[in-house]
Amino acid sequence: MKIKTIIIAIIICCVNIAMAENGLVVRLEPSISGYVDAMGDLVDKESSIIKNNNEYYSFMKEDGGDYETGLSGYSLNLSLSLLYNYSTIQFGLRISYLSFSFEHDVRTDYEGANFLGDTSYDNIYSGDILSFRTMTFGPTASILLYNFGYGGINEMRLNFSLMGGKVFNGSISGVPALRDAGFEFDEEDYSSGVNGHCLGFSAGISIMLPEKINNLYWGIDFNYLYTKLDFENYLLIYNSDNTSFHSFGVSFYIAYQLSLF
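Residues numbered from 1 in each chain as written. Predicted model: local features only at pLDDT ≥ 70, side-chain atom pairs only at ≥ 80, totals over all residues. Heavy atoms only, no water.

**What about the packing of aromatic side chains?**
Moving on, step 1. Throughout the structure, instances matching the rule amount to 15 aromatic pairs.
Moving on, step 2. Each ring, one from tyrosine 56 and one from phenylalanine 185, has its centre 5.9 Å from the other, and the planes form 50°; the classification is tilted. Here tyrosine 56 is found in helix α2 (residues 54-60), whereas its partner phenylalanine 185 is found in the loop between α3 (176-180) and α4 (187-190), with 129 residues between them in sequence.
Moving on, step 3. Here the aromatic rings of phenylalanine 59 and phenylalanine 183 are separated by 5.4 Å at their centres, their planes lie at 85°, and the arrangement is edge-to-face. In this pair, phenylalanine 59 sits in helix α2 while phenylalanine 183 sits in the loop between α3 and α4, placing the two residues 124 residues apart along the sequence. (Phe/Tyr/Trp six-rings, centres within 6.5 Å; stacked < 30°, edge-to-face > 60°. Helix = DSSP H or I, 4+ residues; strand = E, 2+ residues; numbered from the N terminus.)

This is the structure we're talking about:
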């Protein structure tokens, strides 16, 4: 699936089971999130392959232009939270299953952005570079900021989550942009299974809609994820058996909350 450089996190449907007063909160959250302009060792490895090879470098700078590289992706998520609801604060633990897919691209004859944010590319070479799944575990909290009760909004909450866990069922296919440009490589030199671990943080705001559609929340979360990967096979294209990267994303969501009892 083609990943755009502008991330769009489209739908997060949340089903929450909670208590209006003090008590336990159980929250189930299926979601879609987007990540753009990742950075770190994996991006550096891909860039250095082009810079350190005259043939690749000349091709990407054809006609005297420049080029730009990027790593972007999306994830499908399912989270289960067990929280304690105390007054205006909910806090507890969150378990999440996430499925990630990332794409690497090279945009040639890149002219950059003007004051309107416009860019110009002659060609874009791209392909899927990485996919993996994670199971994470960590603390989460939700703080009531305002309880309006009027003006079309019932309440506004500030939400935080920390997560850490294992990477599994992953695969990497290096140099996808160069392969898309027509350069040939031995598959065993750029392809491998991967595993590892990840650490992340998210923060955002959710708003409860009017009482006539009570317990329906809308919100936005901003996400950070650090991922460290170990290759099952030593990859000659990278001269390495591991890599890592940092990614930043955003999620827009809708959440539905019900009382446990």
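Still more to cover.
**Regarding a nonpolar patch on the surface**
Moving on, step 1. Taken together, the side chains of Leu24, Leu82, Tyr84, Tyr86, Ile89, Phe91, Ile143, Leu145, Tyr146 and Ile205 present a nonpolar region at the surface, about 900 Å² in accessible area.
Moving on, step 2. If you list the elements that add at least two residues to the nonpolar patch, you get β3 (67-86), β4 (89-108) and β5 (123-150).
Moving on, step 3. Considering the arrangement of structural elements, one finds leucine 145 in strand β5.
Moving on, step 4. Assessed through its relative accessible area of 36%, leucine 145 is described here as partly exposed. (Patch = residues over 30% accessible without salt bridge, like charges linked within 9 Å, V, L, I, M, F, W, Y side chains within 5 Å. Areas by Shrake-Rupley, 256 points an atom, 1.4 Å probe, with all protein chains shown as cover. Salt bridge = Lys/Arg side-chain N within 4 Å of Asp/Glu carboxyl O. Buried < 20%, exposed > 50% of the residue type's maximum accessible area, 1.4 Å probe, protein only.)

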